[in-house]
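# Structural features, examined
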Amino acid sequence: MHKPTFRKKGLRNYLSLILLFMPAILFGLLILLYRENGKLRLSAHFPYASWQFYAIGLFGIIATAGGILDWQYHRNPLNMKIPKKERDAEAFALGAGGVPMFVLMWFAMLSPRPGNFLIPIIIVLIYTVVGISYDEFVFHIRRCGKQENRYHRMLVFGNGLAWIAWFHFIYY
């Protein structure tokens with residue numbers, strides 16, 4: 001039987017960490033690229049952006065810190081003794097839920113008719129929450145101690161609050 005190469009195995013071990021940084025990197029890059037777009041309501045004067053962007057930044061930092069701490073915790077003291085199904089569930093929630101949500105939210109934010117994106121956003125929200133809940137209730141409920149649960153709460157609630165702030169910006 002053929003064993004996976006170090007490169008393939010190494011990338012898989014870092015996939016959740018890579019996906020964790022993608023929203024912040026993409027959001028910042030797209031804000032820079034589209035800074036002249038009037039829908040973003042950016043200004044050259046303080047406060048420069050609406051309060052929702054500051055909330056997105058604050059809660060995004062909390063979520064990212066929780067994700068990094070959780071990722072690190074999974075390596076030490078757990079030493080990556082995480083079942084493949086659990087890693088797949090986490091990657092699904094991040095990749096299949098987070099990526100389409102990000103794209104839909106970005107297009108809705110710049111669209112003259114953001115209401116056209118509302119139903120797809122709600123659908124993606126539902127299956128993302130299901131994916132996160134599956135991961136938490138199937139894999140984490142019995143195994144995780146207080147420390148790891150704290151990291152999960154930072155990640156989940158930080159992302160949730162950042163999403164609510166972004167949703168408010170688009171639809172208010």
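Cut-offs applied
- Residues numbered from 1 in each chain as written.
- Predicted model: local features only at pLDDT ≥ 70, side-chain atom pairs only at ≥ 80, totals over all residues.
- Heavy atoms only, no water.
- Helix = DSSP H or I, 4+ residues; strand = E, 2+ residues; numbered from the N terminus.
- Buried < 20%, exposed > 50% of the residue type's maximum accessible area, 1.4 Å probe, protein only.
- Contact = heavy atoms within 4.5 Å.
- Expected span 1.5 Å × (residues − 1).
- Core = buried A, V, L, I, M, F, W, Y, C linked by side-chain atoms within 4.5 Å.
- Axes fitted to C-alpha atoms, helices over the stretch in contact; angles between N-to-C directions.
- Parallel < 35°, antiparallel > 145°, perpendicular 65-115°, else oblique.
- Left-handed = near helix turned anticlockwise from the far one by under 90°.
- Patch = residues over 30% accessible without salt bridge, like charges linked within 9 Å, V, L, I, M, F, W, Y side chains within 5 Å.
- Areas by Shrake-Rupley, 256 points an atom, 1.4 Å probe, with all protein chains shown as cover.
- Salt bridge = Lys/Arg side-chain N within 4 Å of Asp/Glu carboxyl O.

Turning our eyes to something else, we now look at the overall build of the protein chain. Scanning the protein chain from terminus to terminus reveals five helices and zero strands. Listing each helix as α and each strand as β along the protein chain from the N terminus yields α-α-α-α-α. With the C-alpha coordinates aligned to their principal axes, the bounding extent of the protein chain is approximately 55 × 35 × 30 Å. Looking at the protein chain as a whole, 34% of its 172 residues qualify as buried. In the protein chain, the share of contacts with a sequence separation of at least 24, taken over all contacts with a separation of at least 6, comes to 78%.

Once that is clear, we can look at helix α2 (residues 51–75). Spanning 25 residues, α2 covers 36 Å between terminal C-alpha atoms, matching the ideal 36 Å at 1.5 Å per step. Within α2 the residues assigned to the buried category are Gln-52, Phe-53, Ala-55, Ile-56, Ala-63, Thr-64, Gly-66, Gly-67, Asp-70, Trp-71 and His-74.

Now for the nonpolar core. One finds Phe-27, Phe-53, Trp-106, Met-109 and Trp-166 to be the most contacted residues of the largest nonpolar core, which totals 23 residues. Looking at this core, the element that brings in the most residues is helix α3 (residues 84–110), giving eight residues. The contacts of Trp-106, once residues within four sequence positions are left out, are Phe-27, Leu-30, Ile-31, Tyr-34 and Trp-166.

At a minimum axis distance of 9 Å, the contact between α3 and helix α5 (residues 146–171) shows a crossing angle of 25 degrees. Here α3 lies roughly parallel to α5, going by the angle between them. α5 is crossed by α3, and the crossing has left-handed handedness. Contacts between α3 and α5 pair Met-101, Phe-102, Met-105, Trp-106, Ala-108 and Met-109 from the former with Trp-163, Trp-166, Phe-167, Phe-169, Ile-170 and Tyr-171 from the latter.

There is a patch of nonpolar side chains on the surface, built from Leu-11, Tyr-14, Ile-18, Phe-21, Met-22, Ile-25, Leu-26, Leu-29, Leu-33, Tyr-34 and Ile-68 and spanning about 960 Å² of accessible area. Element by element, the count of residues in the nonpolar patch is highest for helix α1 (residues 6–33), at nine residues. Looking at the secondary structure, you find Leu-29 in helix α1.

This is a description of form; function is not addressed.
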